[in-house]
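Given next are the chains, with one letter for each unit.
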Amino acid sequence: MDFKKFSALLRLCGLILLLCFSAFAQKTIPAPKDVIGFTPGEDKKLASWASVVDYFQKLDAASDRVNFQEIGKTTEGKPFVYATISTPENLKNLQKYIEINNKLADPRIIKRNDKTAQDLIKQGKTFVLITCGIHSTEVGSTLSSMLIAEKLAKAEDAETKRILENTIIVLVPSLNPDGVDIVKNWYDKTLGTKFEGTSPPELYQKYVGHDNNRDWYAFTQVETQLTVDKIHNVFHPQIVHDIHQQGANGARLFLPPYEPPVEPNVPKELVEGYTELGLSMAKNLREQGFEGITTGTTYDAWTPARAYSHYHGGVRILSETASANLASPIEIKLEDLRGRRGFDAQKESENFGPVWKGGKWGMGDITKYMTSAAFSLLEHASDNRASWLERFYAIGKEATRPRKDGELNAFAVEIGQGNLESILERAGVEAERVQILNAGINGEPILLVKMAQPYGSFAKAILENQKYPNLKDEKGNPISPYDVTAHTISLLEGVKVTPIYETIRYPKAAGFSIDNGPGCGTGKDGPKIISAQIYRSEIPSMDEGWTRFIMNNGNWILFGRRGRECEELKVSELRNENILQNAFDSKTVIFPDQSPRQILNGYPKGSMPDEYTGGVGAEGVENLKKFVEVGGTLVFLNRASDFAIEQFDLPVRDVTKGLSNKDFYIPGSILRTELDTKHPIAKGMPAQSIAWFEDSPAFEIMSVPPAVAGGAKIEAKDVDLIAKYPQKTEDILLSGWALGAEKLAGKAALVSIKMGKGKIVLFGFRPQYRGQSLATFPLLFNAISE
């Protein structure tokens, strides 16, 4: 054979072999078991975050349907990642589809032209964001993410191919990667012991634990910021499927619609969208034989804290699957099933059914419900591609509609300290620093936030005061919200906001300068030093985490303070008198919000390993008394104040104690307070401020003979009243819901009590609420300043 012909033949054979190997490689999609060592859904097995990332990396390498990338680091330095999944052709043209979405989200780009929009809708794809694992003890969703991704990468059936063709799926295996390992490490440590399946004795996110899913409008945490900046604001998903777990003894699965009330700034198109999609999923799953499904119960859609997408054109489809004991299966009898508000888990009804008869419930059940629900959602997103895009455009078009006189045109926001401007910017809200001449503004430099823009509803939700409906059951008891009732960031930050209902008038002169003024509390002697230790119970407290967060992340700089990182004070140190001198070098100890029982007793013996049981106890209380007597300061936040009142025999009474919910109920609201600005703790503060009231005490100073605490006499004259609620009931509530507010009229919200050479400070509210209440940070900082 001619050498040239032989060489050509060899090259041809090589090319054929290469194509064969490529085709083979394309079909050998790795199963999760090949990488993590087990099939997700096996009982008593959890995956490490490193192995989850490794699986997605291998899936990316093997499949042209998957693009996987890291977009940053978590709070504790782990990779924060997501996968984009669609057809190879869609992924090649991803930027094109992102640009289509941008134009539909902001119709001003296409001059709000319906014909242009229809042309874009014909070309566009439904973007679906699937988020998993934000609450790390809800272990099923991160495991399910691998099963979902595997099927999308491997399956060749017509339905999956149609999903891939019509949708672009953005899959986040965990919104809290740090917690994946915290929970796995604890589970593995206790596996085979009587403590198997218990929750870890630490927050599963360094600072905020479960509250990481209350951060979608304040953006305080790194993980929230990464998700908003590099996922939500890039892809603008029409659908967000947020996969969660709920308690073990209720429904097997919750799907929308949500129960009332709906936050009034959520567009009606989204209410229609999540109702249609949730009911469709429930119907589809019931037809497949799934049981115990509820819709329209338990969870509401009141707050942007859990639903960023509701103010950015996309529905949030929350799914809540029943839990086991982490990865350990449980047995549940039918008679032990309990309903939640709106249904009975033992009886079929309009919004619940068919009844699950009980039995074993484990990881296989959890992952099956989760993956099946996800594919039911994807089928609807695919089959109704055009409808989802039309709905998305309609929301954007209404949002950008020019406003008339008499309608809310804009908000004028005071420029000053705080981070409200950066919150608006992160949420994609347009705000400009200008001068205007409208009533109530007087030409002062302000931040102007117009309503005629794509995400004006987000701005309105966090700038206006909430009026939560007075919901009661047939017996007159208040119907509790799922979370809280107020989310007015402007109030929480102490920023003045003025609504404008007329055409905005600008002055002829455009130039001006802005002086943000000195830091609050900064005196002529220079900034004070902030230093304290934070009590850390063995029972994890989110408020303790939030306290560490604001103390250890430089928030005091905003208020003209110098600070150093606060150390934690553990139970064992409090109970050891010999360690007091070293433990209390800072001279101040903060007790974050926690029930008096938990502070005093901690975990009971036998409920956790011995090293995690017990609380402050009688020994710790005596040591704390000695500490104050010699000059120390104890600061108690919210419910912890009741611990101090009880254990130190203080001449103060909590007037809310013993009141029924029917008579007094304030479930997370913003109240007005009046301050004694001459007191050092209120130095630099305005005469009126706010208090975040949630399971909070309110104080009445007792005119009684001196109490005796640890040898130190405490009298009513030793109590300084620093903040109180207004005397007029109608002046108390600023935002949210307050049933029985008259019980607070004229009562104290913040007091300081002299004891020996030291003092005890009682906050009847959370001054550092979820890292958001910058208006009251200075009160806490003043209380602990040296």
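Computed from a predicted model, the values in this text were never measured in an experiment.

Conventions we followed
Residues numbered from 1 in each chain as written. Predicted model: local features only at pLDDT ≥ 70, side-chain atom pairs only at ≥ 80, totals over all residues. Heavy atoms only, no water. Core = buried A, V, L, I, M, F, W, Y, C linked by side-chain atoms within 4.5 Å. Buried < 20%, exposed > 50% of the residue type's maximum accessible area, 1.4 Å probe, protein only. Helix = DSSP H or I, 4+ residues; strand = E, 2+ residues; numbered from the N terminus. Contact = heavy atoms within 4.5 Å. 1 Å grid on protein atoms, 1.4 Å probe; cavity = no way out; pocket = protein on both sides within 12 Å on 5 of 7 lines; lining within 4 Å. Points joined across faces, edges and corners; volume = space filled by probe spheres on them. Nonpolar A, V, L, I, M, F, W, Y, C, P; charged D, E, K, R; others polar. Pairing = 2+ DSSP bridges.

### A word on the nonpolar core
Inference 1: In this structure, Phe56, Ile85, Leu104, Leu152, Ile239, Phe458 and Ile462 are the most contacted members of the largest nonpolar core, which totals 149 residues.
Inference 2: Here this core takes 10 residues from helix α12 (residues 363-383), the largest share from any one element.
Inference 3: When neighbours within four sequence positions are excluded, Leu152 is seen to be in contact with Arg65, Ile85, Thr160, Ile163, Leu164, Ile169, Phe375 and Leu378.
Inference 4: Among the nonpolar cores identified, the runner-up in size contains 43 residues, and Ala682, Ala691, Ile722 and Ile784 belong to it.

### Overview of the layout of surface pockets
Gaps left between atoms are located by rolling a probe of water-molecule size over the structure's atoms.
Inference 1: Computed from the structure, the largest pocket encloses a volume of approximately 850 Å³.
Inference 2: Asp593, Arg639, Glu694, Asp695 and Ser696 are, among the 36 residues lining the largest pocket, the residues nearest its centre.
Inference 3: When residues of the lining of the largest pocket are traced back to their parent elements, those giving at least two are α17 (542-552), α20 (596-601), α22 (640-648), β25 (667-675) and β26 (688-694).

### Observations regarding empty space enclosed by the protein
Inference 1: Counted under the stated rule, the structure contains 6 cavities of 30 Å³ or more.
Inference 2: What lines the largest cavity is a set of 13 residues, among which Leu46, Ser136, Val139, Thr142 and Val180 lie closest to the centre.
Inference 3: Listed by contribution, the elements that provide at least two residues to the lining of the largest cavity are α7 (140-154) and α9 (177-190).
Inference 4: Each pocket or cavity is described by its volume, and for the second largest cavity that value is around 110 Å³.
Inference 5: Lining the second largest cavity, in full, are Thr131, Leu175, Asn213, Trp216, His232, Val240, Asp242, Arg306, Ala307, Tyr308, Ser309 and Arg316.
Inference 6: For the lining of the second largest cavity, the residue count by class is 5 nonpolar, 4 polar and 3 charged.

### Here we look at the pairing of strand β3 (residues 126-131)
Where a strand is regular, its side chains alternate between the two sheet faces.
Inference 1: In terms of burial, β3 is largely enclosed, as 6 of its 6 residues are buried.
Inference 2: With 6 bridges joining them, β3 and strand β4 (residues 167-172) adopt parallel strand pairing. Across the sheet, the residue bridging to Val128 is Ile169, located in β4.

Remember that the coordinates give geometry; whether it matters functionally is a separate question.
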